[in-house]
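Structural description and commentary
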There are 2 protein chains.
Amino acid sequence: MAVTIKDVAKQANVSPSTVSRVIADNSRISPKTKQKVREVMETLGYYPNFQARNLVIQKSRTLGVIMENSAQLAFQNPFFPEVLRGISAFAHESKFGLYLSTGSTEEEIFEEVVSMTLGRQVDGIILLYSKINDRIMEYLQSNEIPFSVVGRPYKDAETINYVDNDNIGIAAEVTNYLIGLGHRRIAFVGGDPDHIVSLDRLEGYRRALAKAGIAVDSRYIAEKNLISGQEGPAIQNMMKSSVSPTAIVTHDDLVAYEVIGYLRDLGLRVPEDVSIIGFNNHTLSEHLKPPLSSVDISICELGSRAAELVLAQIEGGQEEAGRFTVPARLIERGSCQRP
Amino acid sequence: MAVTIKDVAKQANVSPSTVSRVIADNSRISPKTKQKVREVMETLGYYPNFQARNLVIQKSRTLGVIMENSAQLAFQNPFFPEVLRGISAFAHESKFGLYLSTGSTEEEIFEEVVSMTLGRQVDGIILLYSKINDRIMEYLQSNEIPFSVVGRPYKDAETINYVDNDNIGIAAEVTNYLIGLGHRRIAFVGGDPDHIVSLDRLEGYRRALAKAGIAVDSRYIAEKNLISGQEGPAIQNMMKSSVSPTAIVTHDDLVAYEVIGYLRDLGLRVPEDVSIIGFNNHTLSEHLKPPLSSVDISICELGSRAAELVLAQIEGGQEEAGRFTVPARLIERGSCQRP
DNA sequence: CTGAAAGCGCTTACAG
DNA sequence: CTGAAAGCGCTTACAG
């Protein structure tokens with residue numbers, strides 16, 4: 001039904017091969033032939049069928065973008081659109097399309113990745129997260145599929161393309177900043193401990209305390225799975241202790257928003273009673289009252305660099321793994337003060 | 001290099017046709033043949049090449065998702081991930097993939113849509129926005145490509161698949177709510193007037209005022225393009241008038257956040273001095289201080305319904321256009337009070 | 001500079 | 001119940 005290369009060939013009195021070559025702008029075709037063929041393509045309204053082309057060239061010129069759990073937090077979190085923006089920009093530049101995972105369980109997502117890659121729908125994969133013992137990453141590795149990850153891989157980091165912030169460093173810096181303000185009892189509300197980013201930020205927090213000679217007190221550390229569904233009570237318990245923390249480092253602004261809510265329920269004010277600091281600098285953090293101090297992690301660049309890395313592997317046949325460390329910096333606003 | 005249907009056929013001592021049929025689980029193939037072929041597929045690690053299949057069945061089983069301007073607000077706005085969540089869920093259910101637009105100008109996006117559709121990369125399109133005189137929508141219509149839109153189309157609404165809230169109705173309700181609190185000088189800070197959603201919400205605002213016998217004062221109406229880049233001064237000007245508004249309806253929570261910032265700069269408090277209300281009920285609005293009253297527009301359902309509509313057209317060969325009106329309701333929080 | 005032929009990996013009438 | 005053949009719409013050595 002649609003007009004094909006054959007229709008054009010017939011109409012232009014050339015062979016399909018020739019039409020194919022003018023599409024590719026092959027230099028061996030004479031200008032006048034090109035001209036003629038192009039006119040015919042125009043009048044017939046020809047448009048190349050990419051499915052057919054892709055089949056023969058054994059490429060898809062598309063990237064699979066895998067997010068962890070589409071039904072969950074990933075979608076609430078402004079991180080996702082922002083990182084996608086970076087990926088989009090770079091992919092578009094290179095004329096690559098984006099194919100998105102849609103599954104909502106690990107099993108579903110795994111199946112999708114297999115289907116995308118073995119089914120030749122994508123030339124490479126960008127993993128939007130990094131966690132411990134990730135079946136998907138192992139699959140990609142053992143099948144030698146080009147991929148890059150946003151976040152430090154748990155293992156084999158030398159052989160994997162990835163982009164990351166210096167999460168340990170910046171978390172230490174943030175903690176130090178609070179220590180510098182005079183805080184000694186500093187809590188940490190972390191994320192999912194399966195995620196490397198959570199681990200790294202916690203590690204930075206620990207190091208800063210250690211360096212300052214402050215003992216790490218496990219009662220001041222809340223990880224997501226430890227408190228799952230019970231964040232409110234857990235946090236409130238922590239705050240009701242007689243030696244409650246005077247400052248809290250949270251691993252994400254969204255978490256900070258919630259914590260602030262719990263504090264409010266307890267009649268505690270930010271920053272007068274408790275200082276608080278977030279990560280990821282969501283657009284809205286500056287609109288809070290007081291505006292939330294947070295760490296800008298250059299989300300968009302995280303995305304574009306991740307795209308750059310897979311594309312280098314796909315197109316350049318890059319052998320060695322690439323890595324980018326993207327800037328992170330603390331943005332001081334009004335949510336911290338001296339204790 | 002990859003194992004194909006032929007390899008399996010050879011190994012299993014059957015023809016490629018037979019292998020193809022066991023993949024399709026065709027009932028005319030004997031159980032023992034199926035069994036044997038499946039074993040071979042297993043041991044060889046066969047996986048079907050979708051590009052090849054798609055080429056012959058003339059389908060792609062993927063949906064193109066078009067967002068307006070990937071470099072802009074679309075990405076800052078939590079609306080996008082949430083609507084995508086709805087689309088994902090429905091598409092995944094129907095075993096459809098998602099192909100995302102990546103362009104950042106209207107021209108680029110138009111080219112992508114043409115490439116996706118004429119290039120047979122997608123079976124249908126979901127438009128994530130609706131605006132006046134949209135070239136892309138016209139293209140989809142005249143080429144009879146299955147599509148649905150999130151938002152009411154500017155014209156030909158009877159023949160187009162779309163989902164929407166009753167924006168006129170809910171905007172009127174919101175305005176009425178403020179009138180009911182005793183406000184008479186109510187401002188409206190709108191969005192891009194090219195967008196139908198902005199038009200509809202403004203219309204609802206007008207109707208409510210008219211019905212209450214309050215004259216519509218154009219000085220109380222700010223549209224995005226009128227104030228572009230100058231929102232701050234424009235809003236502040238409005239507020240410094242001797243008859244400044246005592247309440248403001250904003251077309252999106254993000255706009256409300258900004259307006260609140262400007263008010264704060266003027267030393268005006270919410271809700272003591274000015275009441276304010278937003279739309280779209282972003283996750284963070286409840287964390288503001290005071291928490292922002294907003295309209296929940298069921299974003300996720302907007303997405304899943306849009307997917308449902310295109311899929312009905314693609315799969316069911318649906319002839320008549322479908323439509324869903326998704327619930328919208330005002331969520332009262334702390335940002336409004338009597339004047 | 002151009003064409004005939006083979007092939008990418010599948011599906012599907014048609015025939016038996 | 002199964003196979004041989006044609007074909008989906010392209011690209012690309014090979015030959016001239």
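Being a predicted model, the structure only gives us computed values, none of them experimental.

**Section: the protein's contact with DNA strand D**
Near DNA strand D lie 26 residues; those nearest to it are Thr4(A), Ile5(A), Ser20(A), Asn49(A) and Ser17(B). Those elements giving two or more residues to the surface near DNA strand D turn out to be helix 2 (16-23) and helix 4 (50-57) of chain A together with helix 2 (16-23) and helix 4 (50-57) of chain B. Residues that form the surface near DNA strand D fall into these classes: 14 nonpolar, 9 polar and 3 charged.

**Focus: the interface of chain B and chain A**
The interface is formed by 41 residues belonging to chain B together with 41 residues belonging to chain A. Of all elements in the fold, only helix 4, helix 5 (73-76), helix 6 (79-93), strand 2 (97-100) and helix 13 (253-265) of chain B reach the threshold of two or more residues within the side of chain B that touches chain A. Among the elements that line the side of chain B that touches chain A, the one with the most residues is helix 6 of chain B, at 8 residues. Partitioned by chemical class, the residues of the side of chain B that touches chain A number 20 nonpolar, 17 polar and 4 charged. Direction of pairing for strand 2 (residues 97-100) of chain A relative to strand 2 of chain B: antiparallel, over a ladder of 3 bridges. Its bridge partner being in strand 2 of chain B, Leu100(A) is matched across the sheet by Leu98(B).

**With respect to the sheet that holds strand 10 (residues 293-296) of chain B**
Residues and elements named next belong to chain B. Taken in spatial order, the 6 strands make up an open sheet running 7-6-8-9-10-12, and their pairing is mixed. At either end of the open sheet lies a strand with only one pairing partner, and these are strand 7 (221-222) and strand 12 (329-331). Bridge count between strand 6 (residues 186-189) and strand 7: 2 bridges; the pairing is parallel. Its bridge partner being in strand 7, Val189 is matched across the sheet by Ala222. Seen against the sheet, helix 13 touches strand 6, strand 8 (247-250), strand 9 (275-279) and strand 10 and runs at an angle of roughly 150 degrees to strand 9.

What counts and what doesn't
Residues numbered from 1 in each chain as written. Chains lettered and ligands numbered in written order. Predicted model: local features only at pLDDT ≥ 70, side-chain atom pairs only at ≥ 80, totals over all residues. Near = placed C-beta within 6 Å. Helix = DSSP H or I, 4+ residues; strand = E, 2+ residues; numbered from the N terminus. Nonpolar A, V, L, I, M, F, W, Y, C, P; charged D, E, K, R; others polar. Contact = placed C-beta atoms within 7 Å. Pairing = 2+ DSSP bridges. Axes fitted to C-alpha atoms, helices over the stretch in contact; angles between N-to-C directions.

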